[in-house]
Amino acid sequence: EPEVTQTPSHQVTQMGQEVILRCVPISNHLYFYWYRQILGQKVEFLVSFYNNEISEKSEIFDDQFSVERPDGSNFTLKIRSTKLEDSAMYFCASSGGGGGYNEQFFGPGTRLTVL
Amino acid sequence: KQEVTQIPAALSVPEGENLVLNCSFTDSAIYNLQWFRQDPGKGLTSLLLIQSSQREQTSGRLNASLDKSSGRSTLYIAASQPGDSATYLCAVSPGGGADGLTFGKGTHLIIQP
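Residues numbered from 1 in each chain as written. Chains lettered and ligands numbered in written order. Predicted model: local features only at pLDDT ≥ 70, side-chain atom pairs only at ≥ 80, totals over all residues. Heavy atoms only, no water.

### Section: the overall build of chain A
Condition: In DSSP terms, a helix is any run of H or I states spanning at least four residues, a strand is any run of E spanning at least two, and both are numbered starting from the N terminus. Computation of the radius of gyration draws on C-alpha atoms alone. For the globule rule, the value is 2.2 Å times the number of residues to the power 0.38. Contacts are assigned to residue pairs with any non-hydrogen atoms lying within 4.5 Å of each other. All accessibility values rest on the Shrake-Rupley procedure with a 1.4 Å probe; residue burial counts only the protein chains present in the view.
When its secondary structure is counted, chain A shows 0 helices and 11 strands. Reading the secondary structure of chain A in the N-to-C direction produces β-β-β-β-β-β-β-β-β-β-β. In terms of C-alpha radius of gyration, chain A reaches 13 Å, essentially the compact-globule figure of 13 Å for 115 residues. Principal-axis analysis of the C-alpha atoms places the extent of chain A at approximately 40 × 25 × 25 Å. Contacts spanning at least 24 positions in sequence make up 55% of the contacts within chain A whose residues lie at least 6 apart. Carbon and sulfur atoms make up 46% of the accessible area of chain A, which amounts to about 5900 Å² in all.

Printed below as a string of structure tokens:
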């Protein structure tokens, strides 16, 4: 069964460094998303992407964040200058495979630790 | 702004019981509602999706209902098993396409063997 994959599973970085989180969405999906979950808190929407551009973004998704679909399979989230408060689990999701109802399917997540 | 609340926050029951998890949302203008399962340190597994025009959906021992006008959904788990132990999340979408989901904080469920 097709699934969303994410790499790396765990990323440790120093404050102020740039990180790139990678995702491979389900191949026939059209919509791609990033969410984050700070430990013990709700899953929060960051950004959605469709037709090679950002479709919607939350207040969390400020100028420090960017997304890109560099080729036909990968979808990336870049944090330019990480802060301690960026430590969280980051989930990629995809939807819109033609089956209707826009069910979102999530990857296993990347745990980002900022020291 | 949409707010999603899940009650109870935690639940511990013996194996074999039927149980109900509750989800409420403040803005009834939703497109669909999804229930997810999250195991510790893992990703989210989609369990059921209910369109706003539907009243319920069933998958195996799971049944989800939706009362859009009152802003409520329930997830019914029949004949619970220890393997059902996980956190169950409810999320709503305001529209189709690339709209982001708004999540509740979840119900942490423990099924005692």
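### With respect to the confidence of the model for chain A
Operational definition: Residue-level confidence of the predictor, termed pLDDT, takes values from 0 up to 100.
Of all residues in chain A, 96% have pLDDT values of 70 or greater, and the mean over the chain is 93. Mean pLDDT values for the elements of chain A range from 95 in strand 6 (residues 53-57) of chain A up to 98 in strand 11 (residues 110-114) of chain A.

### Topic: the pattern of salt bridges
Applicable threshold: Salt bridge, as used here: a side-chain nitrogen of Lys or Arg that lies within 4 Å of a carboxyl oxygen of Asp or Glu.
Counted by the stated rule, this structure contains 3 salt bridges over all chains. Residue Arg36 of chain A is joined to Glu44 of chain A by a salt bridge in which the shortest nitrogen-to-oxygen separation is 3.1 Å. Asp84 of chain B is the salt-bridge partner of Arg61 of chain B, the closest N and O atoms lying 2.9 Å from each other. You can see Arg61 of chain B sitting in the loop between strand 6 (56-59) and strand 7 (62-67) and its partner Asp84 of chain B sitting in the loop between strand 8 (72-77) and strand 9 (86-93), a full 23 residues away along the chain.

### Notes on unusual backbone geometry
Here the amide bond leading from Thr7 of chain A into Pro8 of chain A is cis, since omega sits at -10°, within 30 degrees of zero. Mapped onto the secondary structure, Pro8 of chain A falls in the loop between strand 1 (5-7) and strand 2 (10-13). In this structure, Pro8 of chain B follows Ile7 of chain B across a cis peptide bond, with omega equal to 0°. In this fold, Pro8 of chain B is placed in the loop between strand 1 (4-7) and strand 2 (10-14). Unlike most non-glycine residues, Asn51 of chain A shows phi in positive territory, near 55°. Mapped onto the fold, Asn51 of chain A is located in the loop between strand 5 (43-50) and strand 6.

### Here's the deal with the sheet that holds strand 6 of chain B
Residues and elements named next belong to chain B. We count it as follows: Between any two strands, at least two bridges found by DSSP are needed for them to pair. Only the stretch in contact is used when a helix axis is fitted, and all axes are lines through C-alpha atoms; the angle between N-to-C directions ranges over 0 to 180 degrees.
Spatially, 1-3-8-7-6 is the arrangement adopted by the 5 strands of the open sheet, whose pairing is antiparallel. The open sheet has two edge strands with one neighbour each: strand 1 and strand 6. Averaged over all pairs of adjacent strands, the angle between strand axes in this sheet comes to 15°, irrespective of strand direction. Pairing of strand 3 (residues 19-25) with strand 8, which is carried by 6 bridges, proceeds in the antiparallel orientation. Residue pairing in the sheet places Asn22 in a bridge with Thr74 of strand 8.

### Quick word on the sheet that holds strand 1 of chain A
The strands making up a sheet are joined through hydrogen bonds of the backbone, oriented either antiparallel or parallel. Residue and element names in this part refer to chain A. Read across the sheet, 4 strands follow the order 1-3-8-7 without closing on themselves; strand pairing throughout is antiparallel. What marks the edges here is a single partner per strand, and that holds for strand 1 and strand 7 (65-68). Neighbour-to-neighbour, the strand axes of the sheet open up by a mean angle of 20°, direction not taken into account.

### Description of the nonpolar core
Stated formally: Definition of nonpolar core: a set of buried residues of the types Ala, Val, Leu, Ile, Met, Phe, Trp, Tyr and Cys, connected through side-chain atoms within 4.5 Å. Using a 1.4 Å probe on the protein chains alone, a residue whose accessible area is under 20% of its type maximum counts as buried, one over 50% counts as exposed, and one in between counts as partly exposed.
With 23 residues, the main nonpolar core has Leu33, Trp35, Leu75, Ile77 and Tyr88 of chain B as its most contacted residues. Only strand 3, strand 4 (32-38), strand 5 (44-51), strand 7, strand 8, strand 9 and strand 11 (107-112) of chain B provide two or more residues apiece to this core. Judged by nonpolar contacts, the second largest core, of 22 residues, contains Val19, Trp34, Val67 and Leu112 of chain A.

### What about the state of the cysteines?
All names here are of chain A. Spelled out, the test is: In this description, the term disulfide denotes a pair of cysteine sulfurs within 2.5 Å.
The final tally for this structure, using the stated rule, is 2 disulfides over all chains. Each disulfide pairs two cysteine sulfurs, and for Cys23 the partner residue is Cys92, the sulfurs being separated by 1.9 Å. With the S-S dihedral at roughly -65°, the linkage between Cys23 and Cys92 falls on the left-handed side. In this pair, Cys23 is assigned in strand 3 (residues 19-24) and Cys92 in strand 9 (residues 88-95), connecting sequence segments 69 residues apart.

### Regarding the interface of chain A and chain B
Put simply, the test is: What counts as buried area is the accessible surface, traced by a 1.4 Å probe, that two parts surrender upon association, with contributions from both included. Under the grouping applied here, Gly and all other residues not named as nonpolar or charged are polar, the nonpolar ones being Ala, Val, Leu, Ile, Met, Phe, Trp, Tyr, Cys and Pro and the charged ones Asp, Glu, Lys and Arg.
The partner chain B presents 25 residues to the 24 residues of chain A that form the contact. Here chain A packs against chain B, burying approximately 1800 Å² in sum over the two surfaces, 54% of which is carbon and sulfur. For the pair chain A and chain B, the interface holds 0 salt bridges. Listed by contribution, the elements that provide at least two residues to the side of chain A that touches chain B are strand 4 (31-37), strand 5, strand 6 and strand 9 of chain A. Grouping the amino acids of the side of chain A that touches chain B by side-chain chemistry returns 11 nonpolar, 9 polar and 4 charged.

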